[in-house]
Number of protein chains: 4
Amino acid sequence: EGGRRMSALEEGTLHKVQYYETDQMGVVHHSNYIRWFEEARAEWMEAVGLPYARLEAEGIASPVLSVACAYRRPVRYGEIARIRVRLTAYNGVKLSVAYRVEDAATGQERAAGESTHAFLDSKTGMPLRLRRACPELDEILQVQIERDREPEKNAE
Amino acid sequence: EGGRRMSALEEGTLHKVQYYETDQMGVVHHSNYIRWFEEARAEWMEAVGLPYARLEAEGIASPVLSVACAYRRPVRYGEIARIRVRLTAYNGVKLSVAYRVEDAATGQERAAGESTHAFLDSKTGMPLRLRRACPELDEILQVQIERDREPEKNAE
Amino acid sequence: EGGRRMSALEEGTLHKVQYYETDQMGVVHHSNYIRWFEEARAEWMEAVGLPYARLEAEGIASPVLSVACAYRRPVRYGEIARIRVRLTAYNGVKLSVAYRVEDAATGQERAAGESTHAFLDSKTGMPLRLRRACPELDEILQVQIERDREPEKNAE
Amino acid sequence: EGGRRMSALEEGTLHKVQYYETDQMGVVHHSNYIRWFEEARAEWMEAVGLPYARLEAEGIASPVLSVACAYRRPVRYGEIARIRVRLTAYNGVKLSVAYRVEDAATGQERAAGESTHAFLDSKTGMPLRLRRACPELDEILQVQIERDREPEKNAE
């Protein structure tokens, strides 16, 4: 269990490119990277013990407020992408996540992106403070944001 | 209003091919035709005065029971597809629909398909008899199935 | 290698349901099953040693001639689908494949489908006899179609 | 012709929300906005007389370098979105485009985004200077960027 968690947090999500994800330029259509970010986010939440399906079941929705992606090199059919996830900001009501898409075989960067998210009451649509609505997730995010900041600290 | 209805029922739905619908074979990916069928069905329901969004709002869901498509010639980026809809069976609880995908410019057939649909209570998930649940739609389907059968009768 | 091949051929392809695959009915949108068929087909070809990317690189395209799917029970977010592939017909120029979509956790059937495929010269678009164009794939298909028929024979 | 061009440039692209674009949150999945941007861009190019399909036919590819979207309010099934396009930068080798997604019925803003694009030789993949590769498009972009800047000038 701990091993799997490590794996998912440290090694990111592997995504095998599907034919239906390509376009007639012969590469993965750029809109799919936004879907891969979601896939990697979901994998991350599962790894920390809080699958998004469970969050929804508890009446919490987490809509995307913004998304951005910079495309460096195309990803092609026959390749496996690795999507790495890193928390960049969390203040109790809003979360920012950064992504790095790599070729799994070589580690070469293919794209980088970020997204921001709110937490809402599924019924009322009103913003939630996670510390009250889901203290378990709040704590996980607090701990993780510290860890994800560490590489930067060490780099100083 | 009647004019628009005529147009939608007689002339089908026009769909401009999008770049994101192509794949690296340089044609529209086959899964998108299934989506175009849905698009044409929705357009049809709007044309007869019963938008699917309204049906859902009244607590009726209409899941797809089956779908099939035969691909004759590829559809390409830069083309506009016309999707024609024809009812082929309706017995009060189940509906069958046939589709013909054409090149709008030439009328050339590109694909043909069909789908079948049930009507369910959105809350309970239990099958509904439309005559009770939505007599308006039941009558529309009864009338339309007669009309759509006529070409076959005339052909006899 | 043999182990992996066994696994892919006997146990099918696992597909974790993605949030972007759901629709507002709260289930996986029916068009995605057609994409899962393709995903399972690609996995199958990889398992027998002939990834579709390699086929394309050798100048062979394999367009979908037809597809069909019968939806038994919805697949939901949070679930993992298993897609089983079985060859049902092959005559040297055309291939038929059957699919069974199950809930990976329980083995419960969720959908069943089939597709047919041709083999074309990528440049000319002309049909190919696989025995000449790619004897390796021809033999694999010949062997596999015999195996996939066996359960039926044994059932007699 | 001039009328249609006016319409497309001034009034943006209308996109009827499709059921397959919704997710189980009951709104359009955020990845689809990125596809709508592409749709509106293509419509824009057609309006200025240079359909993207023709550009590709002339051996020019225009890959997406980056994309971003800020989601203000959800778009729902049953609605029609209007996507407005505005050029924000063009230097002969790179183009920046801004988007505003509105509810067509009320004009209410739903999302805003931008994308940047390069121009490449389809065969070599090398960057192109549009003034040489396609002087017609270069001039159109030069003229349009002036026009799109005017509102800002007037606002000063």
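Further up the page is the structure itself.
Residues numbered from 1 in each chain as written. Chains lettered and ligands numbered in written order. Predicted model: local features only at pLDDT ≥ 70, side-chain atom pairs only at ≥ 80, totals over all residues. Heavy atoms only, no water.

Asker: Please clarify how the interface of chain D and chain A should be interpreted in this entry.
Answerer: Accessible area lost when the parts come together is the quantity often used to give the size of an interface. The partner chain A presents 22 residues to the 23 residues of chain D that form the contact. Of the roughly 1800 Å² buried between chain D and chain A, counting both surfaces, carbon and sulfur atoms make up 53%. The largest per-residue losses of area from chain D upon contact with chain A belong to Met25, His30 and Arg35 of chain D, which jointly make up 28% of the total buried on that side. The interface formed by chain D and chain A contains 0 salt bridges. The set of elements that each furnish at least two residues to the side of chain D that touches chain A consists of helix H2 (31-47), helix H3 (52-57) and strand E3 (64-71) of chain D. (Contact = heavy atoms within 4.5 Å. Buried area = accessible area lost by both parts, 1.4 Å probe. Salt bridge = Lys/Arg side-chain N within 4 Å of Asp/Glu carboxyl O. Helix = DSSP H or I, 4+ residues; strand = E, 2+ residues; numbered from the N terminus.)

Asker: Before we go on, may I ask you to explain the pattern of salt bridges in this structure?
Answerer: Pairing between side chains of opposite charge can happen when the charged atoms of each approach one another. The full count for this structure, using the stated rule, is 44 salt bridges over all chains. In this structure, Arg82 of chain C engages Glu102 of chain C in a salt bridge whose closest nitrogen and oxygen atoms are separated by 3.9 Å. Here the residue Arg82 of chain C occupies a position in strand E4 (residues 80-90), and Glu102 of chain C occupies one in strand E5 (residues 94-103), the gap between them amounting to 20 residues. Judged by its relative accessible area of 16%, Arg82 of chain C is buried. Through salt bridges with shared partners, one network takes in Arg72, Arg82, Arg84, Arg100, Glu102 and Glu109 of chain A. (Buried < 20%, exposed > 50% of the residue type's maximum accessible area, 1.4 Å probe, protein only.)

Asker: Mind showing me how you'd approach helix H2 (residues 31-47) of chain B here?
Answerer: Because each turn of an α-helix spans 3.6 residues, side chains separated by three or four positions end up pointing in the same direction. Residues and elements named next belong to chain B. Between the first and last C-alpha of H2 there are 25 Å, a value that for 17 residues agrees with the 24 Å anticipated at 1.5 Å per step. Most of H2 is tucked away: 16 of the 17 residues are buried. Taken from the residues just after H2, Gly49 is the one with a positive phi, measuring 95°. (Expected span 1.5 Å × (residues − 1).)

Asker: What exactly am I supposed to notice about the relation of the copies chain D and chain A here?
Answerer: Each of the two copies of the chain can be brought onto the other by a rotation about an axis and a shift along it. Mapping chain D onto chain A calls for a rotation angle of 180° and an axial translation of 0.0 Å; the resulting RMSD is 0.0 Å. Read as a symmetry element, the transformation amounts to a two-fold axis. Among all residues of chain D, the one whose C-alpha sits closest to the rotation axis is Ala68 of chain D, at a distance of 2.0 Å. Of the residues that chain D buries at the interface, 96% are likewise interface residues in chain A, meaning the two copies contact each other through the same surface. (Least-squares fit on C-alpha atoms with pLDDT ≥ 70 in both.)

Asker: Please explain the sheet that holds strand E3 (residues 64-71) of chain A as it appears in this structure.
Answerer: Strand pairing within a sheet occurs via backbone hydrogen bonds; the two strands may be parallel or antiparallel. Read across the open sheet, the 10 strands follow the order E1(A)-E4(A)-E5(A)-E6(A)-E3(A)-E3(D)-E6(D)-E5(D)-E4(D)-E1(D); overall the sheet is antiparallel. Both edges of this open sheet fall to strand E1 (13-16) of chain A together with strand E1 (13-16) of chain D, since each of them pairs with a single strand only. On average, each strand axis in the sheet is inclined to that of its neighbour by 20°, with strand direction left out of account. Relative to the sheet, H2 of chain D contacts E1, E3, strand E4 (80-90), strand E5 (94-103) and strand E6 (109-118) of chain D, its axis offset from that of E3 of chain D by approximately 115°. (Pairing = 2+ DSSP bridges. Axes fitted to C-alpha atoms, helices over the stretch in contact; angles between N-to-C directions.)

Asker: Sorry, what's going on with the sheet that holds strand E3 (residues 64-71) of chain C here?
Answerer: In spatial order, the strands read E1(B)-E4(B)-E5(B)-E6(B)-E3(B)-E3(C)-E6(C)-E5(C)-E4(C)-E1(C); together these 10 strands make up an open sheet with antiparallel pairing. Each of the sheet's edge strands pairs with one partner strand only, and the pair in question is strand E1 (13-16) of chain B together with strand E1 (13-16) of chain C. With strand direction ignored, the average angle separating the axes of adjacent strands in the sheet is 20°. Of the pairings in the sheet, the one linking strand E3 (residues 64-71) of chain B to E3 of chain C comprises 5 bridges and is antiparallel in character. Within E3 of chain C, the position partnered with Ala70 of chain B by the bridge is Ser66 of chain C. In this fold helix H2 (residues 31-47) of chain C packs onto E3 of chain B together with E1, E3, E4, E5 and strand E6 (109-118) of chain C, with an angle of close to 115° to the strand it touches most, E3 of chain C.

Asker: Explain the side chain of Ser62 of chain B to me, please; I cannot follow it from the model alone.
Answerer: Along the chain, the position of Ser62 of chain B falls in the loop between strand E2 (60-61) and E3. Within the structure, the side chain of Ser62 of chain B is placed 3.0 Å from the backbone oxygen of Ala118 of chain B, a separation counted as a polar contact. In contact with Ser62 of chain B, other than residues within four places in its own chain, are Tyr52, His117, Ala118 and Phe119 of chain B together with Met25 of chain C. (Polar contact = N/O pair within 3.5 Å; in protein donor to acceptor, adjacent residues only side chain to side chain.)

Asker: Quick question: what am I supposed to make of the relation of the copies chain A and chain C here?
Answerer: Turning chain A through 180° and shifting it by 0.0 Å along the axis lays it on chain C, with an RMSD of 0.0 Å. Of the interface residues in chain A, 100% have counterparts in chain C that sit at the interface too, so the contact is made through matching surfaces.

Asker: Whenever I open this one, the packing of H2 of chain B against H2 of chain C confuses me. Can you help?
Answerer: When two helices pack together, their arrangement is captured by the angle between the axes and the distance separating the axes. Orientation of H2 of chain B relative to H2 of chain C, taken along the N-to-C sense of each, is 170°, at an axis distance of 8 Å. Classified by the angle their axes make, H2 of chain B and H2 of chain C are roughly antiparallel. In this structure, H2 of chain B contributes Ser31, Asn32, Ile34 and Arg35 of chain B to the contact, and H2 of chain C contributes Ser31, Asn32, Ile34 and Arg35 of chain C. Residue composition of the contact of H2 of chain B with H2 of chain C, by class: 2 nonpolar, 4 polar and 2 charged. (Parallel < 35°, antiparallel > 145°, perpendicular 65-115°, else oblique. Nonpolar A, V, L, I, M, F, W, Y, C, P; charged D, E, K, R; others polar.)

Asker: How should I be thinking about the interface of chain A and chain C in this particular structure?
Answerer: On the side of chain C, 17 residues touch chain A, which itself brings 17 residues to the contact. Taken together, the two surfaces of chain A and chain C that pack against each other cover about 1600 Å², and 48% of this comes from carbon and sulfur. On the surface where chain A and chain C come into contact, there are 4 salt bridges. Viewed at the interface, chain C and chain A are joined by 10 residue pairs in polar contact (both at pLDDT 80 or more). Those elements giving two or more residues to the side of chain A that touches chain C turn out to be E1, helix H2 (31-47) and helix H3 (52-57) of chain A. Residue contributions to the side of chain A that touches chain C peak at 6 residues, all from H2 of chain A.

Asker: Can you help me understand the pairing of E4 of chain D in this one?
Answerer: Along any regular strand the residues' side chains alternate between the sheet's two faces. All names here are of chain D. As paired elements, E1 and E4 share 4 bridges and run antiparallel to each other. Bridge pairing in E4 links His15 to Ala81. Sheet topology note: the E4/E5 ladder contains 9 bridges and is antiparallel. Opposite Arg82, over in E5, you have Glu102 as the bridge partner. The hairpin formed by E4 and E5 contains 3 residues between the paired strands, and Gly92 there has a positive phi angle of roughly 95°.

Read these as geometric descriptors, not functional statements.
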